[in-house]
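Architecture and fold: a report
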Amino acid sequence: MIRSLLYNRSSNAVIAGGKEQVTAWQQQADSFIWLDLAGEPGDTEAQFLQDSFGLHPLAISDAQRDRHPPKVEGFDNFTFILLKPMGAKPSDLQFSSIQQAIFIGERFLVTRSSGDSPTMDRLFRQAASDTALCGRGPASLALRLCRLSVDRYVRLLLGLEPRLEVLEEEIMEIPDDSILAELLNYNTELKKFRRVFLYHQQIFHELKSGTFPAIDDTRLHEIIDVYEQQERASSLASLYYELASDLVDGYISVASHRLNQIMKVLTVVMAIFVPLSFLAGIYGMNFENMPELHSQSGYFILLGTMAGIAAILLTIFRRMRWL
């Protein structure tokens, strides 16, 4: 998919179109274009971007790859940013990241996404209807895209906290293996979040600390704003990761405690029945010369003895608070 927005500074007008607007942009010195590409790259895409915008072949190659670590790099006439925002709308904490490349020039903004990007669609619609967004220039639009992308992560993370509180209560009330499976899944996903945020933090730290083409000093506050939001997202991901890990440990501790209680009861039962079984085994032997077997009250004496032993053991276990 290829779409574009052509903004003319003189008329303060935005025209939506496709690839054909690149020619009009090249002919209008007071215009700026946002070209957005998505999906699988075509055979001629790399050459087209190189010829039309002067993009470096290695930067284009990185942008077209399905997987590449996020980074920022300055070239002669543009700044190249590679991010990993969320793709399609996630379910709970499940998310799939996409690769999103951003080329920022003085008069152009080129974006390329490896998959569907709700954030990109949202900003594109806003820019098409609000000339003020385009009027701020390519760098401002790019930073706004970055801010919207990290906002999606933050909203998803903030929605996790109530669920963790519920799981904490369920662990104490009705521990179940499904709770452990859910917590382990959160741990796995939060690790991915933390890795992405560490990359993104490094990118915006470099942007706010250095000088890059097509991004002037007037954008410093916008860069700091995105950096701080990335920092907040990273902090939340680390906090919830530790909380989920603590809940996993808590679940295991509760499960072990319950198992110990069960084993304690079984041990008490076994301790009571071992001497009784011993007596029953002795008098259950088929020997002729067993005087007690010929006693008229032997059966009742044996039952009484067994009951007494059981009562004594129960009393001892109660005093030891095993029961």
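Definitions and limits used
- Residues numbered from 1 in each chain as written.
- Predicted model: local features only at pLDDT ≥ 70, side-chain atom pairs only at ≥ 80, totals over all residues.
- Heavy atoms only, no water.
- 1 Å grid on protein atoms, 1.4 Å probe; cavity = no way out; pocket = protein on both sides within 12 Å on 5 of 7 lines; lining within 4 Å.
- Points joined across faces, edges and corners; volume = space filled by probe spheres on them.
- Nonpolar A, V, L, I, M, F, W, Y, C, P; charged D, E, K, R; others polar.
- Helix = DSSP H or I, 4+ residues; strand = E, 2+ residues; numbered from the N terminus.
- Core = buried A, V, L, I, M, F, W, Y, C linked by side-chain atoms within 4.5 Å.
- Buried < 20%, exposed > 50% of the residue type's maximum accessible area, 1.4 Å probe, protein only.
- Contact = heavy atoms within 4.5 Å.
- Phe/Tyr/Trp six-rings, centres within 6.5 Å; stacked < 30°, edge-to-face > 60°.
- Lys NZ or Arg CZ within 6 Å of the ring centre and 35° of its normal.

The gaps of empty space that remain are located by a probe, the size of a water molecule, rolled over the atoms. In this structure, the largest pocket occupies an estimated 350 Å³ of space. Grouping the amino acids of the lining of the largest pocket by side-chain chemistry returns 6 nonpolar, 5 polar and 5 charged. Each pocket or cavity is described by its volume, and for the second largest pocket that value is around 190 Å³. As for the second largest pocket, its lining consists of Leu279, Tyr283, Glu292, Leu293, Gly298, Tyr299, Ile301, Leu302 and Thr305. By residue number, the principal contributor to the lining of the second largest pocket is helix 10 (residues 298–319), which donates 5 residues. Of the residues contributing to the lining of the second largest pocket, the split by class is 6 nonpolar, 2 polar and 1 charged.

With that settled, consider the nonpolar core. Residues Trp34, Ile102, Ile104, Leu141, Phe204 and Leu207 are the most contacted members of the largest nonpolar core, which totals 33 residues. Among the elements that make up this core, the one with the highest residue count is helix 6 (residues 138–158) (7 residues). Excluding anything up to four places from it in sequence, Ile102 contacts Thr79, Phe80, Ile81, Leu83, Leu109, Val110, Thr111, Ala142, Leu145 and Cys146. One finds Met86, Leu164, Ile179 and Ala233 within the second-largest nonpolar core, a separate group that totals 26 residues.

Glancing now at the environment of Gly87. Relative to the assigned elements, Gly87 resides in the loop between strand 5 (78–83) and strand 6 (100–105). As a C-alpha pair, Gly87 and Gln99 span 12 residues in sequence and 8.8 Å in three-dimensional space. Setting aside anything within four residues of it in sequence, one finds Gly87 in contact with Ser96, Ser97, Ile98, Asp116, Pro118 and Arg152.

Looking now at the packing of aromatic side chains. Scanning the entire structure with this criterion turns up 13 aromatic pairs. Connected via pairs of aromatic rings, a cluster forms that spans Trp25, Phe48, Phe53 and Phe108. The aromatic ring of Phe124 is capped on one face by Arg3, whose charged end is 4.3 Å from the ring centroid. Sitting over the face of the ring of Tyr227, Lys208 holds its NZ or CZ atom 4.9 Å from the ring centroid.

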